[in-house]
Every structure is written in structure tokens, then in C-alpha cells.
Amino acid sequence: MKLATKIGLIAGVVSIYFPVVGITERFDDRTIIDGVLTLGSTIFLVIALAAGYVVAKPRHLPGEEPEPPGPSALLYGAVASGIAGVMAGLFVLLADSVDLRTVLISVTGTLIERLSFGGSAGSAVVIMAVGGAALGALGAGLQLISQSIRRPLVIALGAALLISLTEPLLNAVIPEVLSKLGLKDDTSWLYTGGGLSVTGAILVLVLTFVGVFAWTSRGERVRQAYAGRSNRDRRLIKGGALLLLALFMAYLPQILTSFLSEILGTVGLYILLGLGLNIVVGYAGLLDLGYVAFLAVGSYSTALFVSERSSLGWTLPYWQVVPLTIVIATVIGIMIGGPVLRLRGDYLAIVTLGFGEIARVIVQSDWASPTLGGAQGILGVTAPEVFGVDLREPRNLYYVILISVILVAFISWRLSRSRVGRAWNAMREDEQVAEAMGVSIIGYKLLAFGTGAALGSLSGMFFAIKLGSVFPSSFNLLVSINVLALIILGGMGSIPGVIVGAFVLVGLPELLREFGEFRLLIFGIVLVSLMLLKPEGLIPSRRRKMELHADELEEEQYDDSAGQGGAEPVVT
Amino acid sequence: MRFALPERWSVQRIVKILLGALLLFVVFKGVSATIADGKFTAAAWKSLITTGLALGSLYALIAMGYTLVYGILFIINFAHGEVFMSGAFTAFFVARTLNNSGFLNDQPIISIAILLLVSMLVSTTIAILLERIAYRPLRGAPRLVPLITAIGASLFLQNTFRGLYGAKVRAYPEIDILSGTVNIFSFVVGKDQLLVIAGAALLVVALYLFIERTKTGRAMRAVGEDKEISALMGIDVDKVIVTTFAIGGMLAGAAGVLWAINFKQVDFYMGFLPGIKAFTAAVLGGIGNVVGAALGGLILGLLEGVAPALLLTGYDVPSPNQLKDVISFSVLVFVLIFKPGGILGSDEPDKV
Amino acid sequence: MALLEVKGLTKRFGGLTAVDEVDFHVNEGEIVGVIGPNGAGKTTVFNIVTGFYQPDEGEMNFDGGSLIGLKPNQVAKRGIARTFQAIRLFPAMTVLENAMVGQHCRTKAGLGGAIFMGPRTRAEEKKIRESARDALAFFGKRLSPLENELAGSLSYADRRRLEIARAMATEAKLLLLDEPAAGMNPGEKDGLITLIGRLRDEKGYAVVLIEHNMPVVKGVSDRVAALDYGKKIADGTYQEVARNPRVIEAYLGARHEETA
């Protein structure tokens with residue numbers, strides 16, 4: 001009961017938090033199920049369900065058998081979410097009687113009206129308390145049903161939410177596909193009013209539930225069959241799957257609107273950046289918070305050499321600009337890296353962050369503006385023809401980016417399983433031991449830094465061409481953090497992880513434009529919860545997983561700082 | 001047989017010496033050109049110095065939070081800038097209310113005390129929550145993990161306060177007794193600047209005494225040395241860590257109000273740059289070291305106040321003040337190259 | 001001529017002289033045990049020889065060249081490999097990869113090689129793999145079957161073995177083993193004695209061995225040197241050193257009953 005109260009209070013605070021910062025009101029514009037549910041109310045539903053679910057979770061001491069939750073769990077769940085509901089209701093009552101708006105700008109009349117469900121604020125308390133309790137009991141009830149049903153159910157709910165949120169994407173793609181297949185391009189069976197229709201929601205829920213249910217019972221056999229295959233077969237299957245994926249990506253622009261192609265291009269750029277930084281952070285273990293500097297170097301040098309309106313007064317053909325830019329970026333990377341790479345891990349982070357800021361401040365300054373254009377940037381970066389392909393055409397640019405991504409991913413993959421990659425890994429794990437085995441630390445750090453710089457500048461080039469101009473404001477710290485976060489989200493050192501991370505962190509928010517100023521807030525929540533719950537990322541490399549979950553086992557032998565640049569390995 | 005080894009002339013060392021010489025030359029040339037130019041009067045220099053000192057005191061105050069936490073947990077509490085912002089931003093509404101009722105200028109000292117109290121309360125709460133939610137579960141994880149969490153928490157807090165209080169830049173009300181200037185050793189110091197410098201100095205000294213003289217302070221140092229042994233010695237490690245965050249938060253809250261008094265405005269983004277600068281200051285002075293952080297803060301503030309004019313004017317750089325961040329970060333890089341432990345830190349090579 | 005010759009080696013940390021004018025030498029194919037109480041400066045000597053610390057005074061010659069001023073990776077290339085007192089593997093790399101890192105200083109494929117995988121790189125990669133497997137195979141059925149396991153998941157004794165295998169993979173002439181018997185049970189210690197003997201007899205390594213465990217030192221050492229307070233206090237066969245009154249006073253005295 002004490003636990004129920006505690007969780008109820010936390011859930012109450014959380015459910016007040018969302019309306020107070022303005023998320024609820026904003027998200028109410030977004031339909032999840034047409035005429036039934038908005039995203040704003042979904043948040044309340046999820047909080048209430050989750051509170052009940054957590055309270056009812058069986059608790060046990062290590063080594064003891066968990067006791068299956070009994071019917072009393074329902075009561076506890078109801079109490080927890082009921083408390084949350086009462087708190088939210090009291091908040092509405094408070095907001096209704098006192099004008100909070102002078103301080104808390106998001107507590108508007110509309111918000112209060114909505115939270116009162118059209119009735120009086122007093123009735124809101126009752127509705128929220130009762131509704132909360134009911135949902136809490138429902139959430140607790142999830143614990144009572146068997147795992148084999150619960151899992152598909154939860155996944156189905158998640159899938160419905162996801163499919164509804166990606167409506168702008170899917171609702172543009174599906175009609176195209178349907179008409180290509182010779183069917184009627186009508187999607188009203190799935191989507192209405194910017195979200196799932198009622199029939200669509202039921203369809204998605206049922207299909208996902210059945211699908212997942214079947215997979216959990218059958219999937220094991222498929223997996224075993226795959227594992228039973230010979231190494232060569234497995235490689236063939238993997239290669240075939242990758243080829244299919246590449247072909248699909250190549251076909252994609254044909255069915256996408258130009259807005260979506262644009263987003264795909266942006267995601268591609270971030271994948272390139274991610275792959276580059278992955279070498280620096282994931283392989284070599286050097287925490288670089290100023291990676292945006294290389295994006296800037298790539299963009300600006302491309303703009304300088306390509307734009308007729310740049311301060312140089314002359315231009316170079318594009319095929320010469322590419323290698324030149326890469327060389328410039330690598331040299332700058334090594335020049336920056338040289339003096340700072342001997343620093344301990346955290347110091348390196350802050351110094352690279354400093355370099356990132358320096359890059360932005362310099363390009364923005366009046367001092368550099370005769371050359372770099374100051375705050376106005378450099379305009380007129382004409383996308384030139386390369387081998388007869390006009391890069392001005394967004395679709396062509398998409399293909400060039402796609403090819404670059406494949407190429408860079410291939411290089412990353414080759415590197416990871418080479419002598420160089422092993423040296424980087426060894427260095428990341430234990431710098432001093434790697435050195436004792438003959439790895440030249442400074443040399444390999446510079447190599448990683450230089451490679452990262454070269455790859456970062458590559459995306460910078462595309463960036464300049466894509467926008468047709470460069471502005472200093474594009475190169476802020478947030479880009480560095482974004483790239484770092486997508487690597488971590490996907491799983492450090494993992495190439496598929498980078499790709500998935502880029503889609504999730506860059507692609508999704510682009511689709512969820514309505515979230516506007518709350519994107520970063522949600523981004524922050526995602527980062528924190530990911531680190532707390534699954535620090536190895538979504539698609540971890542095997543190494544990383546080991547590193548993060550073996551410490552219980554290893555504690556007595558491995559100093560936790562030993563893996564991070566040998567800061568103070570207290571080892572004799 | 002006994003003889004001294006010949007000095008080792010490695011490439012690194014030669015590069016270092018050349019770099020140092022080049023640096024000295026550049027600085028010398030710029031400074032002498034500026035002085036020969038005579039564009040700035042003595043009064044102008046003095047005003048730059050006071051501005052720099054006020055800024056530096058604020059950096060020093062915020063840097064305490066970084067250096068204390070780093071000294072104990074060895075993590076960069078990247079969200080500390082937001083802790084600072086939260087207090088200042090919240091106190092704004094109190095200040096506005098006080099101003100509207102006229103109380104602010106009737107009882108300025110009580111008012112400032114109230115503002116400090118509110119700001120410190122909010123910042124401390126945020127700092128403690130931060131520790132409890134974002135850092136405690138991650139103790140013992142590889143260092144990258146809490147750093148990422150810190151970045152996430154920083155974004156979260158920034159945008160939460162934006163959602164709560166809005167994105168507008170808010171003008172802090174003027175406090176009448178703090179307008180005007182006083183003359184100290186022929187330096188014309190704004191009364192608000194004086195309050196900032198004196199307040200920060202007082203708080204830093206108090207902190208220093210607290211850490212050196214009290215039992216809690218000793219416990220903090222012990223936990224910084226070795227958490228496990230401290231726990232065996234009967235120190236409640238969790239409590240000490242929370243205390244550390246709370247103290248850092250308190251000082252950041254105080255810095256928030258002083259910052260607002262000095263710069264007269266607040267917004268949700270105000271914590272970001274001072275946060276980074278304060279961390280830079282802590283590293284500059286030798287992180288983990290309270291005196292070092294204070295020193296680093298002052299140096300950084302002075303550099304930002306004086307160096308753009310002193311160094312860059314000599315090179316005819318237009319609007320040198322735009323480049324002040326470049327100077328402060330460059331100084332950090334150079335200090336770390338020549339003295340990797342920071343100004344007051346130790347340079348012992350890593351143990352094998 | 002001695003393989004490794006150290007003369008007048010001195011290292012100070014602040015006021016403390018951790019290593020004080022130590023002389024010693026190791027001949028080819030010889031096993032030298034280094035004993036001494038905790039804090040006597042044994043590991044510091046290893047750290048100086050392998051380039052982690054620079055000595056304040058003294059001379060170190062290995063295989064016809066001076067080691068002064070070399071960095072650890074250069075020392076490794078010259079042919080000295082070491083293990084660490086508290087095992088330091090690359091826990092998140094596989095057993096085989098750990099050994100393959102040992103081959104690093106004998107190979108040279110760079111970025112270009114890694115990306116294009118030309119015939120030279122392929123051949124080199126094959127050689128790396130084979131040498132690493134050879135090193136693992138020295139431990140019989142202990143490590144080879146586990147080559148794809150992560151090093152962090154090995155048992156304690158196997159980690160010790162892998163550390164030695166990794167050092168062997170550097171194709172060194174001299175192995176510096178820092179307390180290899182620490183934490184082993186008596187049976188494993190016997191195995192270790194045989195193993196170190198085999199390192200010399202089958203593979204021709206010279207070995208320097210820091211060890212507290214007297215039966216192990218006695219079992220394998222051709223010669224023994226004793227350190228105390230950074231100074232070398234005795235040198236000779238195990239019997240000679242064990243009988244040396246200064247050694248008994250400094251070290252064996254306290255532990256005589258339990259070890260002898």
C-alpha cells in the first residue's frame with residue numbers, strides 16, 4: 001500500500017507536469033484514433049495504466065520465486081492511479097480558481113476547460129479519480145494475465161500508437177503503393193482525421209496481436225533453423241537481406257512525396273555523420289562533443305569552392321572539390337586532434353565541445369565574414385553535374401547520399417574487423433595495455449580523429465548542396481549532441497544501430513513536426529530513460545552489451561575507469 | 001655507476017616549445033600593438049576589468065557545482081547550467097511580484113534575501129532530483145553513460161522551463177539601491193557589480209571553510225578519495241553525494257540571482273553558455289579543486305572582459321568581442337596542453 | 001651477452017625513491033624470479049623497462065639497443081611483452097581478438113589495407129590469425145575452444161592464461177610476468193610452474209617473473225633477485241637468495257613458516 005501511494009504520487013506529479021509545460025494542449029491537436037482519442041489524452045491513459053502496471057508488478061527478493069500477483073494487485077493499481085487522478089483533478093481545481101497564467105504560461109483557459117471535460121472543475125476531480133482508478137486496475141490486471149498474451153497485447157498497443165503517429169508518412173505512401181498495385185488509393189479504412197480511424201485501430205490491434213502471438217510461439221523455431229545453417233549460408237541470407245533493403249531504399253523515392261524524400265535525405269546525412277562519429281566514439285572511444293565542426297568545415301569549403309558568389313571569386317569543378325574538402329577536413333581534424341588527444345576522456349569531451357563552439361563563433365564573426373560571409377553565410381551553392389547527373393534534382397541527390405551511406409557503412413564494417421579496428425577497440429578498452437601490446441596510442445587516436453573528420457566533411461558537402469547555401473546557425477552544439485545521441489540510441493560501435501538511431505532520432509521528429517518546441521524535451525526524456533533502462537542501445541554490438549552488463553561480474557577485477565582512456569586506473 | 005640521463009627531446013616536447021613560443025609572440029605582438037594604438041583609455045581598461053571580475057565571480061560560483069560533483073563522482077554534471085537557470089528564472093516571478101507591490105524598493109535587502117532564498121531553494125531541489133533520478137542509478141556505469149544522461153537532463157530541464165515559463169526573455173526589475181557606481185581604488189564599480197563580486201567571494205570562502213573545517217566537508221573529501229572505504233568507515237555515501245549536489249545547487253541558485261542582478265535579464269536558455277564556461281573554469285583551475293575552480297572562474301571572466309580588446313584590437317579584428325568565446329576556449333586548450341591537470345591540479349602521470 | 005641488462009636504475013616519485021640503483025640482467029632462455037615484499041618496487045621496475053615510466057637515472061639495454069626514451073609500444077616492438085598484476089584483458093573483445101591484438105606490433109596493415117583488403121592485407125590478416133591461434137594452442141585445450149567467447153566471460157585462471165597468450169602473440173623474446181600465480185589454487189599453481197618452464201624450453205622465451213608465491217619461484221627460476229625498499233638486496237640461485245640474511249629479514253622472516 002505504501003508503494004501504491006508512492007507510485008501514485010509520482011504518477012500524479014507526472015500527469016500534472018504534461019499539462020503545465022503545455023504538452024497536453026499541444027498534443028490534443030494530434031489525433032490518435034479519430035473521434036476517440038487525442039495524443040494529449042493518450043498520455044494520461046498511459047500514465048494511469050503504467051502506474052497500475054508497475055504497482056502490481058510482482059516483487060521478490062533475489063533468489064526467491066516471484067509470487068504471482070493476486071487479485072489484491074487490482075486494488076493497489078486502482079489506488080495508485082486513483083491518487084494520481086485526484087492530484088491531477090485538484091490541480092485543475094486550483095488552476096480554475098487561481099490565475100496561474102501570469103507565471104505558468106501554458107495553463108490557459110482552454111487547457112482547464114479541456115481537463116474539466118466540459119463540466120465544472122469540481123467534477124473533473126471526480127472524473128479523474130474514478131477514471132484513474134479504473135485504468136490503474138486495468139494496468140494492474142495486465143500483470144495477472146499470462147506473459148504469452150500480455151506481450152503481444154502491449155506490442156499491439158504500441159504498434160497502433162506508432163502507426164497512428166506516422167500517419168503523415170504512411171498516409172502519403174500507402175495510396176501510391178495501392179495505385180501502383182492497381183487498387184483504389186483510398187485509405188479512409190485506416191486513416192481519418194490525421195490519425196487512425198476506429199476500424200483502422202481495431203485492424204492494427206488485432207493484426208499485430210495475432211502476428212506477435214504467432215511469432216512468439218513459432219519464432220523460436222525459425223531462429224533455430226537460422227542458427228543451424230552453416231556460416232556460409234548465414235552470410236548469404238544476411239547479404240540477401242541487405243541487398244533487398246538497399247533495393248527497397250533505392251526504390252523508395254519513386255513512391256514518396258518530395259517532402260518525405262527530403263526527410264530521407266536528411267536522415268541519410270545524419271547516418272553519414274553518425275558513421276563517422278561512430279568511428280571516433282564507438283570504435284576508438286574518444287568522446288567528441290564538437291563533431292559539428294567537421295560538418296561545418298565540409299559545408300563551408302564546398303560552398304567556398306563551388307559558389308560563384310563566394311569570396312574566392314573562382315570556382316572548381318565538383319569532382320575536384322570532393323577530395324580537396326576531405327583533405328582539408330582531415331588536416332584540420334589532425335591539427336585539432338594533435339594537441340588534445342593526450343587528454344583524459346572527459347577533458348577531451350569538453351575541449352572538443354569548445355572547438356565546436358569556436359567553429360561556430362568564428363564563422364559567425366565579423367572578422368571572418370569577408371571570407372565566410374558572417375551571419376549571412378554563403379549563398380548560391382549550385383549543385384553541379386557529376387558525370388552527367390544533375391545533383392540539383394533532389395531525387396538524384398538522394399541516390400548519391402544513399403550510395404555514400406552504403407560505401408561508408410562498408411568502410412566502417414571493414415575497419416571494424418581489421419587490424420586497425422582491433423587496435424582502436426583495444427585502445428578503447430584499456431589504453432595502457434593496448435600500448436604495451438604495441439599500439440601507438442597517439443597515432444591511432446589521430447587516425448580515428450582524421451577518419452572521423454573526413455567522413456564528417458563528406459556529409460558537410462552534401463549538406464551544402466542540399467540547402468544550396470550555408471549558414472553559421474546550422475552548425476550548433478545540438479547537431480553534435482544529436483549525432484552522438486543517435487549513435488548511443490542505436491548502440492555504440494554498431495553500424496545498423498547508427499542507421500536505426502538516425503531514423504528514430506532524426507526521421508521521426510521530422511515527421512512529428514507538430515511537436516515543435518517539445519521535440520527537444522522529448523529527446524531529453526528519451527536520452528535519460530534510454531541510459532537508465534538500456535544503456536547499450538537498441539541494436540547493441542555484442543561487445544558493448546558485455547561492457548555494460550558484465551560489471552556485476554567483473555567488479556573486483558576491473559576498475560570502472562580503466563575502459564575510459566585509462567583516467568586513473570588504480571592498478572598496481 | 002651513476003649519471004644523470006640526458007634531457008629527452010621528444011617530438012612532443014619540441015612541438016610544445018615551438019607552440020609556446022608562437023603563442024607568446026602572437027600575444028606579445030597583439031598586446032603591444034593595442035597599447036601603441038592607444039584606442040582605449042585607462043578608464044576603459046578599468047571598466048573592462050571590473051566587468052570581467054563580476055563575470056568571473058559568477059563563473060566561479062557556478063564552477064563550484066561542477067568541481068564538487070566531479071571531485072566526488074568523476075562525472076561532468078552537464079545539466080548544472082540548467083540548475084542555475086531554474087533558480088534565476090523562478091526568482092524572476094518573485095521579483096516581479098515584489099516590484100509590482102513596491103516592496104522591492106521599499107525593503108531592498110529583505111527582497112534580495114527573499115530572491116536568493118527562492119532561487120537557492122529551487123536550484124537545490126532541481127539538483128537533488130537530478131542526482132536521485134538521473135545519476136544515482138548509474139553509479140559505476142562507464143563514464144560515457146552518465147554524461148549522456150546529463151546531456152539529456154539538460155535538454156529536458158531547459159525545455160521544461162521553457163514550457164513552464166515561456167520562451168520570452170524576461171527583464172529583471174531594477175533595484176534602485178544597486179544602480180549607480182562607487183569608486184574603489186580609482187576603479188569605477190557598479191553597485192550591482194560590487195554586490196556580485198562580494199557575494200560570490202563570501203559564498204566561495206564559506207564553501208571552502210565548510211569543506212576544510214566541518215565533519216560533512218571531511219566526509220565529502222573522503223568519499224571523493226574512495227567511496228567503498230568511506231562506506232566502511234561509517235560514512236553514508238549516498239547522503240554525502242546528495243549533500244554535494246545540494247551545495248552545488250545552492251551556490252548555482254545564488255549565482256542565478258546575482259547573474260540576473262548583473263545582467264538584468266533571464267530566459268530559459270541562460271544556463272547553457274555560463275554552464276559550459278563554468279565547467280571550463282573548473283577544468284582550467286584543476287577540476288575537483290575548490291580553490292582552483294574559483295581561480296579558474298576569475299581568470300576566465302577577466303580574459304573574457306579584457307582579452308578581446310587587449311589582444312585582438314592590435315590585429316585590427318573587427319568587433320573583437322564576438323570572439324571572446326574563442327579566446328576562452330583556446331586558453332583552456334593551451335592550459336591543458338601545457339599543464340594537463342589544470343592550473344592547480346597535479347600533473348602526476350597515470351598510474352600503471 | 002645478456003638479453004636484458006639494467007644498470008643503476010633509479011626512479012623517484014616526489015620524495016620517495018621507488019627504485020634505487022637497481023642492477024640486474026636476464027640471459028637468453030633464462031627464467032629470473034623477482035621477489036620482495038609489497039611496495040619493494042618490483043612492478044615499478046617492470047613499468048620502467050616497458051616504457052610506462054622513464055627512469056631518473058640508469059641504463060637499460062635490450063638485445064643490443066638502449067630502451068631509454070622508448071614508449072611502451074616501441075618497447076613491445078623491440079621484443080618485450082608483459083602481463084599485469086591485476087589482469088587487464090580487453091574484456092569486451094573475444095579471446096582470439098585479444099591474442100590478435102598481440103600481433104599488432106609485428107604487422108602493419110593500415111587504413112587503406114583495411115578498406116580495400118588487398119592480397120597483402122589478406123595474407124597478413126591470415127598470419128595474424130594463425131599466430132594468435134598458435135599462442136592460444138600453447139595452452140592445450142584451455143583457450144582454443146573458447147576463441148570466440150568474450151574475454152570478460154572467462155574464468156579467472158583462463159584470464160591469466162589469456163594474458164600470457166596475448167603477450168606471447170607479440171613474438172617477444174622476453175616475457176615479463178607480474179604475479180601470474182596470484183589468486184590461483186594449488187593445482188593451478190603446479191600447472192603454471194610447468195607452463196612457465198615450457199615457455200623457456202619449448203618456445204625459447206626468457207622470462208622475468210614477479211611472484212610472492214615461493215613454491216612457484218622455487219619451481220621455475222634459474223636465478224632469483226630480491227628487492228626491498230627499491231634496492232636490490234640479493235641475487236643468485238633460489239637457495240642462495242633464500243639463505244641470504246637480508247632477504248630473510250626483509251621478506252622471508254615474517255613468512256618463513258608458511259612458505260618454506
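Since the structure is predicted, the reported quantities are computational estimates derived from the model, not experimental observations.

A. Spotlight on the domain arrangement of chain A. Segmentation of chain A into domains returns domain 1 (1-60 + 67-144) and domain 2 (245-253 + 271-554). For domain 1 of chain A and domain 2 of chain A, the distance between their C-alpha centres works out to 41 Å.

B. Quick peek at the sheet that holds strand 2 (residues 16-26) of chain C. All names here are of chain C. Here we have 4 strands laid out as an open sheet, ordered 2-1-4-5, and antiparallel in their pairing. Bordering the open sheet on either side are strand 2 and strand 5 (65-66), each of which pairs with just one other strand. Inspection of the sheet shows strand 4 (residues 57-62) paired to strand 5 by 2 bridges, in the antiparallel sense. Following the sheet pairing, phenylalanine 62 is matched in strand 5 by glycine 65. Sheet contacts for helix 1 (residues 42-49): strand 1 (4-13), strand 2 and strand 4; angle to strand 1, the most-contacted strand, approximately 110°.

C. Just the interface of chain C and chain A, in detail. Listed by partner, the interface residues are 46 residues for chain C and 38 residues for chain A. Buried area between chain C and chain A, summed over both chains or domains, comes out near 3700 Å², and the portion from carbon and sulfur atoms is 61%. If you look at where chain C meets chain A, you find 2 salt bridges. Measuring nitrogen to oxygen at the nearest pair gives 2.9 Å for the salt bridge that ties A:Arg422 to C:Glu125. Every element with two or more residues in the side of chain C that touches chain A is listed here: helix 2 (72-78), helix 3 (95-102), helix 4 (111-116), helix 5 (119-137) and helix 6 (156-168) of chain C.

D. Just the interface of chain B and chain A, in detail. Across the boundary between the two partners, chain B contributes 57 residues, which contact 62 residues of chain A. By the criterion of area lost to chain A, the three top residues of chain B are B:Arg143, B:Leu144 and B:Ile148, representing 12% of everything that side buries. At the surface where chain B touches chain A, the tally comes to 0 salt bridges. Summed over the shared surface of chain B and chain A, the result is 1 residue pair in polar contact (both at pLDDT 80 or more). Breaking the side of chain B that touches chain A down by element, the ones donating at least two residues are helix 1 (11-37), helix 3 (80-101), helix 5 (108-135), helix 6 (144-165), helix 11 (272-285) and helix 13 (324-338) of chain B. For the side of chain B that touches chain A, the leading source of residues is helix 6 of chain B, giving 16 residues. Looking at the side of chain B that touches chain A, its residues break down into 37 nonpolar, 12 polar and 8 charged.

E. Layout of the confidence of the model for chain A. Residue and element names in this part refer to chain A. Residues of chain A with pLDDT of at least 70 account for 88%, and the chain-wide mean is 78. Element-level pLDDT for chain A is lowest in helix 24 (residues 551-554), with a mean of 41, against a maximum mean of 91 in helix 17 (residues 419-429). Taken as a whole, residues 550-572 scores under 50 in pLDDT and shows 47 contacts with residues more than four places along the chain or in a different chain.

F. Just the side chain of A:Thr451, in detail. One can find A:Thr451 in helix 19 (residues 441-467). Residue classification places A:Thr451 among the buried positions, given a relative accessible area of 12%. In this structure A:Thr451 touches A:Ile279, A:Trp424 and C:Leu111, once residues within four positions along its chain are discounted.

Analysis parameters
- Residues numbered from 1 in each chain as written.
- Chains lettered and ligands numbered in written order.
- Predicted model: local features only at pLDDT ≥ 70, side-chain atom pairs only at ≥ 80, totals over all residues.
- Heavy atoms only, no water.
- Domains from an automatic or database assignment.
- Pairing = 2+ DSSP bridges.
- Helix = DSSP H or I, 4+ residues; strand = E, 2+ residues; numbered from the N terminus.
- Contact = heavy atoms within 4.5 Å.
- Axes fitted to C-alpha atoms, helices over the stretch in contact; angles between N-to-C directions.
- Buried area = accessible area lost by both parts, 1.4 Å probe.
- Salt bridge = Lys/Arg side-chain N within 4 Å of Asp/Glu carboxyl O.
- Polar contact = N/O pair within 3.5 Å; in protein donor to acceptor, adjacent residues only side chain to side chain.
- Nonpolar A, V, L, I, M, F, W, Y, C, P; charged D, E, K, R; others polar.
- pLDDT = per-residue confidence, 0-100.
- Buried < 20%, exposed > 50% of the residue type's maximum accessible area, 1.4 Å probe, protein only.

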